[in-house]
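# Structural characterization, general
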Amino acid sequence: MEKLHLELPNKEHREAVMNFRQEFLNVKEKVSGGVGLEQAENYEDWLCRKYIPHYGMVDEIVFLAFDQTKNLVGISDIRFGTNDFIQTFAGQIGYSVRPSQRGKGYASEILRLTLEQAAGYGYHQVLITCNEPNLASAKVIEKNGGRLEKIIPHPGFPDVRRYYIDLPQSQDRRHCL
């Protein structure tokens, strides 16, 4: 698998992000970690956080995952704020891999890089969730040190697998932009 890197979204990423979004819309999937991206008809409004994600508006940071040729292959977020939905169903980190780029190990690398960021922000442990039938995501989380806490019912949706990942202590104390 080739090496990936994370970048904060900016105005230069407009075309790449909107094409990424369209690929998810074409397969009728939500973008986990996209902070409402699937709703975003206007990129600049998305950058300004004018679209409310399904878990509500909380402080968070988004990362775009690029391969070595500058192709946008994934997205992730760290949710600094919390609410009952995040604490129960959504977790503190979300991530998605572009549908056409799946099966290449990118999800594991995106999660690993996002966990490094979370450690840099001072997290010692994070809650990450996935839908119970999504065994590929469960394997990604487990590969990154996830310990299954429990599987809980989510009324009207698939059950949710709740994982905790312990993070190494980091001297890096990033500040939210």
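The preceding data block contains the structure.
I will try to describe carefully the structure that is included in this document. (Residues numbered from 1 in each chain as written. Predicted model: local features only at pLDDT ≥ 70, side-chain atom pairs only at ≥ 80, totals over all residues. Heavy atoms only, no water.)

### A short note on the overall build of the chain
Operational definition: Secondary structure elements follow DSSP: runs of H or I no shorter than four residues count as helices, runs of E no shorter than two count as strands, and numbering proceeds from the N terminus. When we talk radius of gyration, it's over C-alpha atoms, and the globule rule is simply 2.2 Å times the number of residues to the 0.38. Throughout, exposure labels follow a simple rule: accessible area from a 1.4 Å probe, protein chains only, divided by the maximum for the residue type, with under 20% read as buried, over 50% as exposed, and the rest as partly exposed.
Summing up its helical and strand segments, the chain has five helices and seven strands in all. Reading the helices (α) and strands (β) of the chain from amino to carboxyl end gives β-α-α-β-β-α-β-α-β-α-β-β. Since a compact globule built from 177 residues should have a radius of gyration of about 16 Å, the 15 Å found for the chain is in line with a globular shape. Dimensions along the principal axes, computed over C-alpha positions, put the chain at roughly 40 × 40 × 30 Å. When each of the 177 residues of the chain is scored for burial, the buried share is 49%.

### Overview of the packing of helix α4 (residues 106-120) against helix α5 (residues 135-143)
Threshold: Every angle, taken between N-to-C directions, lies between 0 and 180 degrees, and every axis is a line fitted to C-alpha atoms, over only the stretch in contact when it is a helix. If an angle is under 35 degrees, it is roughly parallel; if it is over 145, roughly antiparallel; if it lies from 65 to 115, roughly perpendicular; otherwise it is oblique. Each crossing gets its hand from how the near helix is turned against the far one by less than a right angle, where anticlockwise is left-handed and clockwise is right-handed. What makes two residues a contact is simply this: any of their non-hydrogen atoms within 4.5 Å. Ten residue types, Ala, Val, Leu, Ile, Met, Phe, Trp, Tyr, Cys and Pro, are classed as nonpolar, four, Asp, Glu, Lys and Arg, as charged, and the remainder, Gly among them, as polar.
With their axes 9 Å apart at the nearest point, α4 and α5 run at an angle of 45° to one another. Our classification of the angle between α4 and α5 gives oblique. For α4 against α5, the interelement crossing comes out right-handed. From α4, A107, S108 and L111 reach across to α5, where they touch V140, I141 and K143. Looking at the contact of α4 with α5 residue by residue, the class counts come to four nonpolar, one polar and one charged.

### Considering helix α1 (residues 14-26)
Condition: The span expected for a helix works out to 1.5 Å for each residue beyond the first.
Over its 13 residues, α1 extends 18 Å from the first C-alpha to the last, a length consistent with the 18 Å expected when each residue adds 1.5 Å. Along α1, the residues that are buried comprise V17, M18, F20, R21, E23 and F24. In the core, the buried residues of α1 are packed alongside α2 (43-47), β2 (60-66), β3 (72-79) and β4 (93-97). With its phi angle positive at about 60°, K28 sits one or two positions after the end of α1.

### Description of the layout of surface pockets
The condition is simple: Lining residues are those with an atom within 4 Å of a point, where the points come from a 1 Å grid over the protein atoms alone and group into cavities, where a 1.4 Å probe fits but cannot get out, or pockets, open sets with protein on both sides within 12 Å along at least five of seven lines. Grid points are joined across faces, edges and corners, and a volume is the space filled by probe spheres set on the points.
As a volume, the largest pocket reaches approximately 1,100 Å³. Listing elements by their share of the lining of the largest pocket, those giving two or more residues are β3, α3 (84-90), β4, α4, β5 (125-131), α5 and β7 (157-166). Ranked by residues supplied to the lining of the largest pocket, first place goes to β4 with five residues. A class-by-class count of the residues in the lining of the largest pocket yields 19 nonpolar, 16 polar and seven charged.

### Observations regarding the packing of aromatic side chains
Definition in use: Pairing of aromatic rings covers Phe, Tyr and Trp, the last through its six-membered ring, and needs centres within 6.5 Å; plane angles under 30 degrees mean stacked, over 60 mean edge-to-face, and all others mean tilted.
A full pass over the atoms with the stated rule returns five aromatic pairs. Judged by centre distance (5.0 Å) and plane angle (65°), the rings of F80 and Y121 are edge-to-face. In this pair, F80 is assigned in the loop between β3 and α3 and Y121 in the loop between α4 and β5, connecting sequence segments 41 residues apart. Residue F80 is classed as partly exposed on the basis of its relative accessible area, which comes to 26%. Note on Y121: relative accessible area 17%, which makes it buried. Taken together through their ring pairs, the aromatic side chains of F80, Y121 and Y123 make up a single cluster.

### Overview of the pattern of salt bridges
Spelled out, the test is: The working definition used for a salt bridge is a side-chain nitrogen of Lys or Arg within 4 Å of a carboxyl oxygen of Asp or Glu.
Within the structure shown, the criterion is met by 13 salt bridges. The partner of R112 in a salt bridge is E116, and the shortest N-O contact between them spans 2.5 Å. Separated by four residues within a single helix, R112 and E116 lie in helix α4, roughly one turn from each other. Put simply, E109, R112 and E116 are held in one network by salt bridges that share partners.

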